[in-house]
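Tertiary structure, described
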Amino acid sequence: MLVHIDGPWSPLLGRLALSEIPYNNPILVGTFVFAALLAVILVGLVTYLGLWRTIWRDWLTSVDHKKIGIMYILIGLVMLFRGFMDAVMMRAQQAMADGPHSAGYMDSPHGYLTPYHFDQIYTAHGTIMILFAATPLLVGIMNILVPLQIGARDMAYPYLNAVSLWLTAAGAALVMASLFIGDFAHAGWFGIVPVMELPYSPGVGVDYWMWAFQLSSIGTTLGGINLLATIVKMRAPGMTWGRLPIFTWASLSANLISLSTFPVLSVALALLALDRYLGTHFYTAGLGGNLMLYNDLFWIWGHPEVYFVILPAFGMISEIIPTFSEKPLFGYLGMVLASLGIAGVSWGVWLHHFFTMAASPAVNAFFSITTMAVGIPTGVKVFNWAFTMFRGRLRFELPMMWASAALFYLLVGGLTGMMNAFTTNDYMVHNSVFVVAHFHMMLLLIVYAIFGGVNYWFPKVFGFRLEQRFGKIFFWLFTAGTAVVFIPMFTLGFMGMTRRLAYVAFPQWRPLLDIEVVGIVIYLLSAVFLVAQLYVSFRDRAQNRAGLDAWETSRSLEWMTHSPVPFYNFAVTPEVHARDERAWRVEHGVDTVRPERYEDIHMPRNTAIPLWLGALSFGLAFGLVWRMWWLTEVCGLAIFALIVIRSFDRDTDYTIPAADIERMERAIRDVPSGRPVVAGVRGAVPAFRQGV
Amino acid sequence: MSVTTSSTLDAKGSPMWSSGHGHDVISTKTLGFWLYMLSDAMMFTALFAAYAVLGHAFNAAGGPWVRAVAHAGVAFQETYWLFGSVLAYGLAMMALKKGNRGGVLLGIAAALVIALGFLAVDGREVLDLFRMGALPERSGFLSAFFTLVFYHGLHVVVGIAWMAVMLVQVASVGLTEKVVYRLLNLRLFWHFQAVMWVFMFTFLYLRGAIV
Amino acid sequence: MLDPRGVISVTQDHYLALDVLIMLLIIVPTGIFIVWAMRHYRRDGGRGRHDARWDHSYALEALVWGIPILTVGVLSYYSVKAIYAVNPYHPTIMARATHAKGPLDIDVISTDWQWVFIYPQQGIATVNRLVIPKGVPVHFRLTSATVVNDFYIPQLVGMIDVMPAMRVRQTLLASRTGTYEGYSANFSGAGFSWMNFETQAVSRSAFRAWVARVQGAPTHLSYTAFDQVAQPTINIHGRVAYFSQVQPGLFRHVVAQTAAGKTYPTPMAMTENMTRYLKAQARRDAHNRD
Ligand code: HEA
Ligand code: HEA
Ligand code: CUA
Ligand SMILES: [Cu+2]
């Protein structure tokens, strides 16, 4: 039943041959050298500082939700950087390859990238940015915040949480591996059938794409289950649904989406795998296949996915604006309903991604209306944020700058999104760079919310605030770069420029394409200031020590424990009295009340099994990509064995006696300010390591 | 503002910090498993949708179609096996309520054996179809048909493996909290297979008798 | 798109303007309000009164929900109207014009990576060149021999997906003569960026003359000849070809063949090492010209 593929093939290495290593491509070799150098430096540094033990014991094997969240965010940042580099390459190619007389370099007829290479880059860019940058960043932030906001010790399933993380990491690693071993898909981030079928994609690129997607899909589904169970079951006493912090509500809505739609994605990809490996006919044009089935299944996930990433972003904005307006969120109930509403409607709009498929007018009309209906709850959010600022006392510190700028992205992205939803407009701009510009407005909104959120909660997690001056320069340059890249892109869309062009045939588009390159240069410049901000913040961390509440006017539960948060979160679980518990306690003058007595705390023990599961999943997928069946089989069996072995492990938690908690609490309170602190520091008493 | 260390400083006398607050492990784990089953139901839904899209005569591309491959008679027989197994597992759960370890072991063992019977009948049926040339790669219709059959079969295999593990755990560890919630989750999983089978029977096999 | 020259595209632009106008009516005041609030209520230098408790108001919340609901209602009404007006199968705006003259039928087949246009009434075919008479409704039937493409002539008509083993329709009417760019809008593989065809809208008499000229072309388009054309080709030099006779029912035959599983696999050479392929193609072209 296995499909036979011509070409070099060996039982040991499958399709992998030396020629698959692109050693003759100067760009990739350069990238490799850069990456290798970076790796060597990192490894050297870690060895020099003697950090291996800490990294292994406190991070890689950790089941602490905060550390898992931080690791998610690190993956997201690294991949954001990779996606950014891809964007730079694409813009450079389009600026160089315009018109039949443009020069060609490095084996390309025009510009410096062959079409095949260019196609892989935008596919990788989209895949990475959505699945391996935005999603991990947001999942990471939810991971850190949700348990803190509801007063829980950890997630409902700390071990499963680590499994999700390492599955996502395995997917990201697979994407990175495709850079240097073989190639990546060239069919767009959402995959185009039948381009992805074997006759049109005979290489391993699509397999890499497919399995990386699949791993991250499984990881995110499990993560969604975990967060939902956490929110339902682990709330502190008094934390009724009406008092749930708004970010937690947003996370709940988002994860309702992930729970219900990521499985559909898994199926869409699995059927594609069957087509490519067993020769079935799900998405083929001939022999009874139906390629529209793929579009339906994919976008039934794909559209809700964009709301899966925007909802937590909205949640962060909804936390930041009240804090810096020194006033409660306007229309809490409306906000909650709007979040749930966006999640609800998101299931019923997927067809707007292929209005041009000549469905009957009635069908197009239906989906046009449902799509525009999303504008209602979103509009409610915009207005409620505006009224939160109304009668406020606004402080434009960094988090607030990012959050309030995001509102304008929402207006522009929403306006253009609604233009696409108006079906006859979409007939003209579908597949044009106008759509590309629309979704970049929305996705950059998320990037803005993430930068806002990172600046806002950084002191909570690490104990010191980020530096503001370089941060503000970064903000303004980043904003300028965005404007200079994407305003011309909207215009080009109206001029009829289609997306995914490795070569631009019409010279009249040239001036605008050149302007976009200027925007890229500004972006590159901005990144320098980001690095400067991080460096200076770390250098001056002693001056920027944060107390419980780094911003003085924060409102929710997470600001009631120490910064950085000790590994058990709250020494004693607080009793919740109001919607904004911290603000309520400040108002009643009881915010400094300490518990009079401590109790034993149960904590999950660290374990290396999730890490192994991730590594084995990588092996399994890598074997599948190259059709090294033995590798797949070995890894598959090992995964099964590990799961069974783990189920026999009876020593999965431990107890910290109340006396020790008391000692640690006292020690934390007595930390002289300026002492270096690490995330989720387990008090100042190293003796109390989480069991390994 | 003075620093106090009272638990009940609030004017109304309500506590500031909770005490002795624990979460019910079994109910938390069960909720999670329910959510997982929901996601699995979504996968089945997507596969049924694929089957609905690819279920037309056109999608058989000239090869065998519903009537030729979906045999309601055999499926009826399979129904007996599967429901028998679920029943046996149900009996094991009754024993669990009474704390009867032997009864639990016996019930699960019976459920496992009967499930093997289901697999045998299912496997023979599939092999017969293969032998007559109805292969998944023959047409879009057959791809969708067999994928559903195999996906359900895979769940039964997983269920069997899980039962085997639980037999060992009940025998060696006893009815601890962990073992109990796993048994309860397995019950959910196993019932879910029966429910999915009802859908399979209606949309795959009965359709073969009607079309 | 900004300079529409066809009945359909003019209508589309008309609705676009209406749509944007209605939305700006909401979005612009919202933007202005936010900017005003940000200035008026800022702590350092703002003049607004701080009210630390104000977090809801029934009147405002009714407005907050009411305005978007109303707007979406209005937009939906126009959207549905527009969809029927330019429906590719039976555009209501062209219901009247259809009887005037014609219609002209054209069958479109996309290959990897070229366009084949068949004129069944005239018995001719072209590759990568579309010529239509001005003022006459043109009815297209479209399919693909390989992967999905998107048929798009920005100044005349919006996009429609061209799918293998399936058939869709499109309708257009050019109201002025001229040369318009047409291209594939849906990514379809290595040759996608070069998948352009020039569209010439000419007067009716010029069209007749053109048809007569093509009818004199030496090459015929049988299925075998089509099979040759459909071999993967990156049309980097913008070549055009004409055929004088077309095998009857060719369009339907291609659809049937694709449905029966016919594909035109992309050779590895065209993906991993395109330059070598392009050089070979240039040699082949030179050879054919001699
Ligand atoms: C979250 C999603 C996301 C984000 C943030 C971006 C960001 C950017 N994107 Fe991308 N893009 C997509 C998602 C995204 N994109 C998708 C889905 C596609 C479609 C792909 C397809 O067609 O299949 C696409 C396609 C796409 C195209 C292809 C257009 C075409 O088809 O012709 C282009 C071309 O210019 C482009 C450009 C850019 C640019 C200039 C940015 C800039 O905004 C980038 C700005 C820079 C940053 C956000 C990085 C800053 C951070 C760092 C420097 C990291 C620092 C790291 C550490 C400290 C560790 N994008
Ligand atoms: C986070 C990501 C995100 C978000 C939030 C959105 C939000 C929206 N998107 Fe977008 N979209 C994408 C990411 C996103 N999109 C991506 C990635 C793609 C392309 C993928 C690809 O092809 O590669 C895409 C493509 C896409 C298309 C398909 C285009 C095409 O391919 O032809 C459409 C069509 O309807 C669409 C519509 C909308 C609409 C109506 C919204 C609405 O939710 C917007 C609602 C917001 C507002 C309306 C503004 C605020 C409201 C008010 C101030 C109230 C008053 C206003 C009115 C009532 C008008 N989007
Ligand atoms: Cu045919 Cu979409
Ligand atoms: Cu969408």
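Read on for a plain summary of the structure. Keep in mind that what you see is a predicted model, and the values were worked out from it rather than measured. (Residues numbered from 1 in each chain as written. Chains lettered and ligands numbered in written order. Predicted model: local features only at pLDDT ≥ 70, side-chain atom pairs only at ≥ 80, totals over all residues. Heavy atoms only, no water.)

**Concerning the overall build of chain C**
- A count of helical and extended segments in chain C gives six helices and 13 strands.
- The C-alpha atoms of chain C give a radius of gyration of 26 Å, which is well past the 19 Å a tight globule of 290 residues would have.
- Principal-axis analysis of the C-alpha atoms gives chain C an extent of 85 × 50 × 35 Å.
- Within chain C, the fraction of its 290 residues that count as buried is 53%.
- Within chain C, contacts between residues at least 6 apart in sequence are counted, and of these 72% link residues at least 24 apart.
- Mean positive and mean negative side-chain charge positions of chain C (27 and 18 charges, respectively) differ by 6 Å. (Helix = DSSP H or I, 4+ residues; strand = E, 2+ residues; numbered from the N terminus. Rg over C-alpha atoms; globule rule 2.2 N^0.38 Å. Buried < 20%, exposed > 50% of the residue type's maximum accessible area, 1.4 Å probe, protein only. Contact = heavy atoms within 4.5 Å. Lys, Arg positive; Asp, Glu negative; His and termini not counted. Charge placed at Lys NZ, Arg CZ, Asp CG, Glu CD.)

**What about the coordination of the copper ion (ligand 4)?**
Residues and elements named next belong to chain A.
- Within the first shell, the copper ion (ligand 4) binds the protein through His303 (ND1), His352 (NE2) and His353 (NE2), at distances of 1.8 to 2.1 Å.
- Summarised as a motif, the one-chain spacing of the donors to the copper ion (ligand 4) is H-x48-H-H.
- Metal-to-metal, the separation of the copper ion (ligand 4) and the iron atom of ligand 2 is 4.6 Å.
- With relative accessibility at 13%, the residue His352 sits in the buried group. (Donors = N, O, S within 2.8 Å, 3.2 Å for Na, K, Ca; no water.)

**Things to note about the nonpolar core**
- Counting 381 residues, the largest nonpolar core has B:Phe145 and C:Phe151 as its most contacted members.
- Residues from two domains meet in this core; each of domain 1 (7-40 + 57-93) and domain 2 (100-265) of chain C gives at least three.
- Beyond its immediate stretch of four places on either side in the chain, B:Phe145 contacts B:Tyr51, B:Val69, B:Ala70, B:Leu129, B:Leu204 and B:Tyr205.
- The next biggest cluster of nonpolar side chains, apart from the first, holds 18 residues, and it includes C:Val127, C:Leu221, C:Phe226 and C:Tyr264. (Core = buried A, V, L, I, M, F, W, Y, C linked by side-chain atoms within 4.5 Å. Domains from an automatic or database assignment.)

**What to know about unusual backbone geometry**
- Here the residue pair A:Val193 and A:Pro194 is connected by a cis peptide bond, since its omega of 0° sits within 30 degrees of zero.
- Looking at where A:Pro194 falls in the secondary structure, it is placed in the loop between helix H5 (158-180) and helix H6 (205-233).
- Across the junction of C:Asp112 and C:Trp113, the peptide omega takes the value 0°, indicating a cis bond.
- Along the chain, C:Trp113 turns up in the loop between strand S1 (104-110) and strand S2 (115-119).
- The residue A:Arg500 is not glycine, and still its phi comes out positive at about 65°.
- Within the secondary structure, A:Arg500 sits in the loop between helix H15 (469-494) and helix H16 (510-539).
- The exposure class assigned to A:Arg500 is buried, which follows from its relative accessible area of 8%.

**Section: the interface of chain A and chain B**
- Contact residues are listed per partner, giving 56 residues for chain A and 55 residues for chain B.
- A combined buried area of about 4600 Å² lies between chain A and chain B, and 68% of that area is made up of carbon and sulfur atoms.
- Among the residues of chain A in contact with chain B, A:Met1, A:Lys233 and A:Val593 are the three that bury the most area, contributing 12% of the side total.
- Scanning the region where chain A abuts chain B turns up zero salt bridges.
- Joining chain A to chain B, the criterion identifies 13 residue pairs in polar contact (both at pLDDT 80 or more).
- Contributing elements (two or more residues each) for the side of chain A that touches chain B: H6, helix H7 (246-278), helix H8 (291-325), helix H17 (581-587) and helix H19 (629-647) of chain A.
- The element best represented in the side of chain A that touches chain B is H7(A), accounting for nine residues. (Buried area = accessible area lost by both parts, 1.4 Å probe. Salt bridge = Lys/Arg side-chain N within 4 Å of Asp/Glu carboxyl O. Polar contact = N/O pair within 3.5 Å; in protein donor to acceptor, adjacent residues only side chain to side chain.)

**Observations regarding the pairing of strand S9 (residues 178-184) of chain C**
Residue and element names in this part refer to chain C.
- Pairing of strand S6 (residues 149-153) with S9 involves two bridges; the strand directions are antiparallel. Within S9, the position partnered with Tyr152 by the bridge is Tyr183.
- Taken together, the six bridges between S9 and strand S10 (residues 196-202) define a ladder with antiparallel strand orientation. The partner of Gly182 across the bridge, within S10, is Phe197. (Pairing = 2+ DSSP bridges.)

**Structural notes on the packing of aromatic side chains**
- On inspection of all chains with the given rule, the structure shows 103 aromatic pairs over all chains.
- Ring geometry for A:Phe314 and A:Trp385: centres 5.4 Å apart, planes at 70°, overall edge-to-face. Separated by 71 residues along the polypeptide, A:Phe314 in helix H8 and A:Trp385 in helix H11 (residues 375-389) bring together distant segments of the chain.
- Judged by centre distance (6.2 Å) and plane angle (40°), the ring pair of B:Phe76 and B:Phe201 falls under tilted. Here B:Phe76, found in helix H3 (residues 72-97), pairs with B:Phe201, found in helix H6 (residues 177-210); they are 125 residues apart in sequence, far enough to count as distant.
- An aromatic cluster is present here, built from A:Trp189, A:Phe190, A:Trp209, A:Phe213, A:Phe262, A:Phe282, A:Tyr283, A:Tyr294, A:Phe298, A:Trp299, A:Trp301 and A:Phe308 joined pairwise through their rings.
- A cation sits over an aromatic face here: A:Lys67 above A:Trp59, 5.3 Å from the ring centre.
- The ring of B:Trp17 is capped by A:Arg585, whose NZ or CZ atom sits 5.0 Å from the centre of that ring. (Phe/Tyr/Trp six-rings, centres within 6.5 Å; stacked < 30°, edge-to-face > 60°. Lys NZ or Arg CZ within 6 Å of the ring centre and 35° of its normal.)

**Describing the interface of chain A and chain C**
- Contacts between the two partners involve 98 residues from chain A, matched on the other side by 94 residues from chain C.
- When residues of chain A are sorted by the area they lose upon contact with chain C, A:Tyr200, A:Arg391 and A:Met428 head the list and together hold 10% of the total.
- Put simply, C:Arg53 and A:Glu587 hold a salt bridge, and the shortest N to O gap is 2.5 Å.
- Of all the secondary structure elements, the ones that give two or more residues to the side of chain A that touches chain C are helix H4 (115-149), H8, helix H9 (332-346), helix H10 (361-373), H11, helix H12 (398-421), helix H13 (423-429) and H15 of chain A.
- For the side of chain A that touches chain C, the leading source of residues is H11(A), giving ten residues.
- Residues belonging to the side of chain A that touches chain C are distributed by class as follows: 59 nonpolar, 27 polar and twelve charged. (Nonpolar A, V, L, I, M, F, W, Y, C, P; charged D, E, K, R; others polar.)

**Structural notes on the coordination of the iron atom of ligand 2**
- From the protein, the iron atom of ligand 2 takes a single donor atom, A:His438 (NE2), 2.3 Å away.
- The topology assignment puts A:His438 in helix H14 (residues 433-462).

**Let's talk about the arrangement of the chains**
- Across the two pairs of chains in contact, the largest number of contacts is found between chains A and C.
- The two partners chain B and chain C share no contact, and the minimum distance between any of their C-alpha atoms is 7 Å.

**Describing H10(A)**
- Over its 13 residues, H10(A) extends 18 Å from the first C-alpha to the last, a length consistent with the 18 Å expected when each residue adds 1.5 Å.
- When H10(A) is considered as a whole, its buried residues turn out to be A:Pro361, A:Asn364, A:Ala365, A:Phe367, A:Ser368, A:Thr370, A:Thr371, A:Met372 and A:Ala373.
- In this structure, the buried residues of H10(A) make contact with H9, H11, H12 and H13 of chain A together with helix H2 (58-85) of chain C. (Expected span 1.5 Å × (residues − 1).)

**Some details on the site of ligand 1**
Residue and element names in this part refer to chain A.
- Arg91, His125, Trp189, His440 and Arg500 are the nearest of the 29 residues found near ligand 1.
- Within the contact set of ligand 1, an oxygen atom lies 3.4 Å away from a side-chain nitrogen or oxygen of Gln94.
- Interatomic distance of 3.1 Å between a side-chain N/O atom of Arg499 and an oxygen atom of ligand 1.
- Among the elements of the structure, helix H3 (65-96), H4, H14, H15 and H16 are those that each provide at least two residues to the shell around ligand 1.
- Top contributing element to the shell around ligand 1 by residue count: H3, with seven residues.
- Here the shell around ligand 1 is composed, by residue class, of 21 nonpolar, five polar and three charged. (Near = heavy atom within 4 Å.)

**Points about the packing of H6(A) against H7(A)**
Residue and element names in this part refer to chain A.
- Direction vectors running N to C along H6 and H7 enclose 150°, while the axes themselves pass 8 Å from each other. By the angle between their directions, the pair H6 and H7 is classed as roughly antiparallel. Taken as a pair, H6 and H7 cross one another with a handedness that is left-handed.
- For the contact of H6 with H7, the per-class residue count stands at 21 nonpolar, ten polar and two charged. (Axes fitted to C-alpha atoms, helices over the stretch in contact; angles between N-to-C directions. Parallel < 35°, antiparallel > 145°, perpendicular 65-115°, else oblique. Left-handed = near helix turned anticlockwise from the far one by under 90°.)

**Here's the deal with the site of ligand 2**
- Near ligand 2, the surroundings consist of 32 residues, among which A:Tyr307, A:Asp426, A:His430, A:His438 and A:Arg499 are the closest.
- A distance of 2.8 Å separates an oxygen atom of ligand 2 from a polar atom in the side chain of A:Arg499.
- At the level of elements, H8, H11, H12 and H14 of chain A together with helix H1 (7-40) and H2 of chain C are the ones that each hand at least two residues to the shell around ligand 2.
- Broken down by element, the residue count for the shell around ligand 2 peaks at seven residues, all from H12(A).

**Considerations on empty space enclosed by the protein**
Residue and element names in this part refer to chain A.
- The tally for this structure, following the rule as stated, stands at eight cavities of 30 Å³ or more.
- For the second largest cavity, the calculated volume is near 80 Å³.
- Together, 15 residues line the second largest cavity, and Tyr72, Thr135, Val139, Thr168 and Thr220 are the ones closest to its centre.
- At the level of elements, H4 and H6 are the ones that each hand at least two residues to the lining of the second largest cavity.
- A per-element tally of the lining of the second largest cavity places H6 first, with six residues.
- When the residues that make up the lining of the second largest cavity are grouped by side-chain class, the tally is seven nonpolar, eight polar and no charged. (1 Å grid on protein atoms, 1.4 Å probe; cavity = no way out; pocket = protein on both sides within 12 Å on 5 of 7 lines; lining within 4 Å. Points joined across faces, edges and corners; volume = space filled by probe spheres on them.)

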